[in-house]
Every structure is written in structure tokens, then in C-alpha cells.
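A closer look at the structure
Next come the chains, spelled out residue by residue.
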Amino acid sequence: MIPFIEVLKRAQSGPFCKPREWDMKVIYEKVRNTLNEHGLKGTYDPQNPVNTDDGLADEFFKAAFNLALEVGMYCIDTQRMIKFSEEELKEAIYEAVESVTIGKYPDEAFLRARKPEDEVLPTAFFGPFGLPIDENLWIPIHQSTAQYRVVDALVPGTLERLYGVEIRAGTPIETLAGKYEAVLTKEAVRRAGRPNMGLSGPETSPTEFGHFGGYGVPGGYEATDVNIVLAVAELKTDYARLHKVAHILNLGAPICSGHESMVGGFPETPEGATLVSIAAVILEIVVLQATIPGGNPFDVRFSCNTSRETIWADSVSGQAQSKHLTRPLVASLSTLAGPCTDMLLYECTAKGVSVVVSGHSLLWGVRSSGGIYKNYGTGLENKFAAEVTKASAGMKRSDANEIVKEILPKYESKLKNPPKGKNFLECYDPTTLKPSEEWATIYNRVRKELIDLGVPLQKR
Amino acid sequence: MKKKSEILKELEESVIQGDEEAARKAAAEAIGANLDPVVAIEDGLTKGMSLVGEKFRKYEIFVPHVILSADAMKSALSLLEPRIKGEGKAKITLGKVVIGTVYGDMHDIGKNIVATMLNAARFNVYDVGVEAPARRFIEKAEEIGADIIAVSSLMAVTKPYQRDIIDLLNDMGLRDRYKVIVGGGAVTPEWAEDIGADGYGKDAVEAVRMAKKLVEGKCL
């Protein structure tokens, strides 16, 4: 693997490119050209949201490799393109990481490299992923997910306040909040009887400060937890992200990366977003030194990744990545409906089934209600997502396609105006951590519906 | 010689296609044919841009196409605008907008889409970029005599900076001078109301609609 110091050197000395030129010439034009050259334009198949064509996935990977080679990754701060040779990129993609352990005995979880239709179980890495959460509800909301043993590791929300003081990005309060978030999350898993459960975080770190304050410090997140470095935009990085990488490398911990490749944005179409997403994963392995790379096509129209277009794009992208890389691969789940709605569970199902059969190792979520509304996260949707993803292991892509075809029409028309649902206090008892009767009834009804559709939830 | 209706159609079409060269050519033809520049802009360029906005809303075209269309429009405007005299000028520009993403937030795609759409809707847009501190928005607004300050934030821990801009405007005694619109992934209508913003845009189309509403009846 290319040393990180070399990446930093190239961030300072690579070809200069103005931001506008990057967006319109490099991304927009090159993506269009690459799709045309590889005969991939027009391959989006809305009738079959889960891809079953291995040849298509292979061609996308080939095209994405060429794109990654040609353009590299853009450093916003220096306005330079961080580029690599063919040998350097090949070396990176051939390097195998079979498994990564997170958390500690006896609560550890294993993130394993998977292939399409693999029987190896995906890791259920769930929680109120990035949702704004009140500090006084932080522990019960996180404990409500950690209490379910089907969930292997916990993804926290985002803190809005620290001892009542509003947290602001880029200030010393963010630095303090990084550790505070870790302390509260650890308390939640301790109360759930799983003190060594694997975590990710700090989530409250839009800049590098929250990360420095919360990761690798005494009482904070540990090197056995996962720290995610999220890209700002397609194939772009900046010094804030690279600071995080440097810090994680100093700690000797695995790096998890992520990005959103916008359907409707500069890559334009589902095919464009697929191509860019695969190229981003290849480049994240070298630029961000990611052990666990990942990311998603994301739908600009709705701000989610559960639309038909993004599910198709993610299935092709996941298959291309998992067929050609041997690493745990991450997808994320950004839904629009809130808790206590059947739509939220349908979104979890469509996304969960499709990414697991496509070879992803874990589905990072559940970011419910568009990630907008405070405290709109509960344990039940995370338990549900964990059950669905594990039940999908070993399923044929053709069967998954039929299931997703049935599920999508149940919520697609509501993506523009999704149901907000109910917040934690409205559908969970904060003391007993049991869902309300209404929420439990919805869960049981949708669960039965899915079993009837062929999702083998009864086995779990 | 081409009919005026043909030139108007060419102006409209050049914007729809996002063809900068064709837009400049059609604008030059409009000037050569003594076409009223206000008519050329309103019945040619703006008509085309409205259709582009509509197509974007329906997801028939994507962000890069909107940018190319806005570029084509800008290019034709650069030839037509200097020829507008007197009251016609007031009809062409709806107002001046300062736009940016708040401090601590690097996200620019949403902000760029809104800026492009505002531009296309005949607002003069001044972009202060990403990670912009409150004072940068206000300094730019003061410098160019803005009508609207449009503020984007994607994250829960960056949206308080939207309030900071309004607070700073209040503290500087400038609040009445500007309309403030907020938007972005973390922002809700309730938040906009809570911090005392004048408007909220759920997406680019809504933001433009809100901006137009806020400058309605304003004598420019």
C-alpha cells in the first residue's frame, strides 16, 4: 500500500484544478465519456432493482478503475488532484483484508469480506446513525438498540448539546463533545450488559476536532472501535478528512471510509452514480488508507438512498466491489420515514436485502426520518434492520430482486412527502425500553408480510 | 433576416440545451434585429430557463445541465443587459442574493444548486463559499447592497451558525435591511421560524419561490 505521507505529498503537488473544472469537466464529462466508452449508458433497469448480471458488475468495475486512474481524488484545500499509477491502484485492490474485529471480548463483532449471494452473515452495525439526539435521551435511545442481541455493534447519533450548551462545529465545544459522546455511548452499552460492544464514532465530528477529542483518548472511543471518515462529495477530500486519517493511523486502528455519490448530481444518472461510487471506493483505499471502504449512491431528489434508482445503483456497485475486492465493504441506510411507520420498515427491507445479496459486509444505519428530526430513532427499527440483513445472507439475487420489486411500490410514492412518524418518547417507554403497542404491532405485521414474501425472518 | 419570433425561439432553445455559444449567437442576432433586450430576455432566455427549472424539478435533467443552462443564459445576458435603458433595468434583475454554507460545514452541492437556480431566476448571486463565518455573509451583503442572505447548513451541529447570522444582524442593527432564507439537510421549517429567519427552502425550487416572494413589490 502506498504510504500516507506520499498521499499527502501528492495532495500538495498533484495537478492543479479549479473546483468548477473538477465538477464540470472531470466529474461530469469524464463520467459521461467513461459510461459511453464502456457501453454502460442506459443500463439502469428500473424493472429489476437488484442486479443479477455479473457481466454488468464486472464492466462497471473495469470502467471505475479507469476513471479512478484517470482523475484520482480531488483535495479541496489545495485544489490539487491526488493521482496514482495503474500499479499503485492494482496493488491496493489486490490487498486482501478477510476480517476486521471490532469491540472486545466477549462482545466483539467480526466484519468479514463477502461476495454476492454469500452465506456468510453480514455484521449488524446499527443504531441512530447520525440522528440529532438530546443529551438526556442519549443513553435510553442507544440502549434501546444495544439491548437487542441481533445487533452486533452500535452506531451512535449526533449530540446537539453538551451540558446544555449548543455544540458548534469547528469550536472547542466540538472537541469536548467528541469524548462526551463516547462516554455516554459506553454507558448505554454498559447498561445493556455489553460493555465491550464495538462502536463507531465520534459521530459528532463534522470537522477533525470532535474526532481528536473523542477517539483514542482515555475514556473515549478506542482503537477497537471503528472510526468513519466520510467524504464531503464525490471523489473529493480535504485536510479535515486527512487529519482524521493521520490520527487513526497514529493509533494503529482500522479506517472505515464512506461517501455519497449523487444520483441527480454531477454524476447525473444511476449509472453515473454507480460508476463514481465504485471509483470512490478504489480511491478511498489509497487516499484514506481505508481498511473498510464503502459508500452509497444517494438520491438528490429526496435525500435518501432507498429510492429505486439508488437501490439499483447500490446493488451493481456492491457486486462490482465485492467481486473484485477482498475487504469488508460498507453500505449505509438513509431512510425518509420515521419510527412507528410501516414505510420505515419497508425502506429498511428494500435496502437491506439488496445490499446483503450484493456482497456488502454491513449496512450502516438506521438514519431514519431523513436524519432531520431530533430523537426520531428507536431500537425497534434497528432490530428489524439487523434481522432483515442477517436473514438475507445466502439469498439468490434473483429472489432478492423479486422481493424488492414487491416492496418498493409500497413506499415509493411517499418519498416526496414521507411520514414523519413518532419520536422516541412517543413510541418507546424510556424506562422499560419497550416499544409502544402501536409500534410493536406495526413491526409484527410487516415482519409477517415479509415472511410471506419470502424473507426468511422466521429462521432468525 | 430572421423573424423576431425565430430569434426568441433560438434564445429559449440555447438555454434549454445549455449551449453557451448558441446563446451568444442568438443574443447578437437579437441586437442586430433591434429586438427590445427586455423582450429578448423575458420571452427568450427566461422562458427557456423556466423550462429548465421545470425539467430539473421533474428529474428529467440533472445538476450539470442546469449549470450549463445558467451559463448559457449568463453569456447571452452579458450582451443584452448593457443595452437595456431606464426602467427596463429594474425589470431584469429581481434582486441581489448573498449565498453560502455556514462555518464548519464543507457541503456545497445543495448551496450550488440553489445559487444556480437563483441566478437563472434573474437574481444577482454572490457566493461566499463553504465554511463561511457569519461576518463574511454580512460583510458581502453590505458591500454589494444585497436584498437577501441565503444560508445553507447540512448538519445538526452546524445549523446554529444560521442563527448566529441573524443574531449578528440584530446586534449590528442591520436586521431590517436583509431578508434571510435558510435551508439544507438539517434544517426544518420549525427551525427557520425558531431562529427568526424570513424564509425556508426545502429544495432549490422552493428556495427560488421564497426568494421571489420576499422581494415581491420591492422597488429595485
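Nothing here was measured: the structure is a model prediction, and the numbers come from that model.

Moving on, we come to the sheet that holds strand E1 (residues 95–101) of chain B. Residues and elements named next belong to chain B. Pairing in this open sheet of five strands is parallel, and the strands run E2-E1-E3-E4-E5 from one edge to the other. With one partner strand each, in any of the chains shown, strand E2 (123–127) and strand E5 (199–201) form the two edges of the open sheet. Neighbour-to-neighbour, the strand axes of the sheet open up by a mean angle of 25°, direction not taken into account. On top of the sheet, helix H8 (residues 160–171) reaches strand E3 (148–152) and strand E4 (179–183); it is set at about 150° to E3, its chief contact.

So, on to the domain arrangement of chain B. Residue and element names in this part refer to chain B. Examined at the domain level, chain B breaks down into domain 1 (4–90) and domain 2 (94–215). Using only C-alpha atoms to locate each centre, domain 1 and domain 2 end up separated by 26 Å. Taken together, the contacts link 13 residues of domain 1 with seven residues of domain 2. Taking both partners together, domain 1 and domain 2 bury about 900 Å²; carbon and sulfur atoms supply 79% of that area.

Residue and element names in this part refer to chain A. Under the definition given, this model contains eleven aromatic pairs over all chains. Ring geometry for tyrosine 44 against tryptophan 312: centres 5.3 Å apart, planes inclined by 75°, an arrangement best described as edge-to-face. Taken as a pair, tyrosine 44 in the loop between helix H2 (19–37) and helix H3 (54–71) and tryptophan 312 in helix H10 (residues 308–324) lie far apart in primary sequence, 268 residues in all. Across the pair, tryptophan 312 and tyrosine 44 agree in class, each one buried. Centroid distance tyrosine 373 to tyrosine 376: 5.7 Å. Interplanar angle 55°. Geometry classified as tilted. Judged by relative accessible area, which is 23%, tyrosine 373 ranks as partly exposed. Given a relative accessible area of 9%, tyrosine 376 falls into the buried group. Members of the aromatic cluster, joined through ring pairs, are Tyr44, Phe60 and Trp312. Sitting over the face of the ring of tyrosine 148, lysine 383 holds its NZ or CZ atom 5.5 Å from the ring centroid.

Turning to the interface of chain B and chain A, a few remarks are in order. Counting residues at the interface gives 31 residues for chain B, matched by 36 residues for chain A. For the pairing of chain B and chain A, the buried interface totals around 2,600 Å² over both sides, and the portion due to carbon and sulfur atoms is 61%. Three residues stand out in chain B for area buried against chain A, namely B:Tyr59, B:Met106 and B:Val157, and they jointly supply 25% of the buried area on that side. One can count four salt bridges joining chain B with chain A. The salt bridge partner of A:Arg168 is B:Asp164, with a shortest N-O separation of 2.3 Å. Joining chain B to chain A, the criterion identifies eight residue pairs in polar contact (both at pLDDT 80 or more). The set of elements that each furnish at least two residues to the side of chain B that touches chain A consists of helix H4 (63–80), helix H6 (109–120), H8 and helix H9 (189–194) of chain B. The element contributing the most residues to the side of chain B that touches chain A is H4(B), with five residues.

Residues and elements named next belong to chain A. If you trace the backbone, glutamate 70 turns up in helix H3. We classify glutamate 70 as partly exposed; its relative accessible area is 38%. Residues glutamate 70 and lysine 83 lie 13 residues apart in sequence; the distance between their C-alpha atoms is 7.7 Å. When residues no more than four places from it in sequence are discounted, the contact partners of glutamate 70 are Lys30 and Lys83. Separated by 3.3 Å, the side chains of glutamate 70 and lysine 30 make a polar contact.

So, how was this worked out
Residues numbered from 1 in each chain as written. Chains lettered and ligands numbered in written order. Predicted model: local features only at pLDDT ≥ 70, side-chain atom pairs only at ≥ 80, totals over all residues. Heavy atoms only, no water. Pairing = 2+ DSSP bridges. Helix = DSSP H or I, 4+ residues; strand = E, 2+ residues; numbered from the N terminus. Axes fitted to C-alpha atoms, helices over the stretch in contact; angles between N-to-C directions. Contact = heavy atoms within 4.5 Å. Domains from an automatic or database assignment. Buried area = accessible area lost by both parts, 1.4 Å probe. Phe/Tyr/Trp six-rings, centres within 6.5 Å; stacked < 30°, edge-to-face > 60°. Buried < 20%, exposed > 50% of the residue type's maximum accessible area, 1.4 Å probe, protein only. Lys NZ or Arg CZ within 6 Å of the ring centre and 35° of its normal. Salt bridge = Lys/Arg side-chain N within 4 Å of Asp/Glu carboxyl O. Polar contact = N/O pair within 3.5 Å; in protein donor to acceptor, adjacent residues only side chain to side chain.

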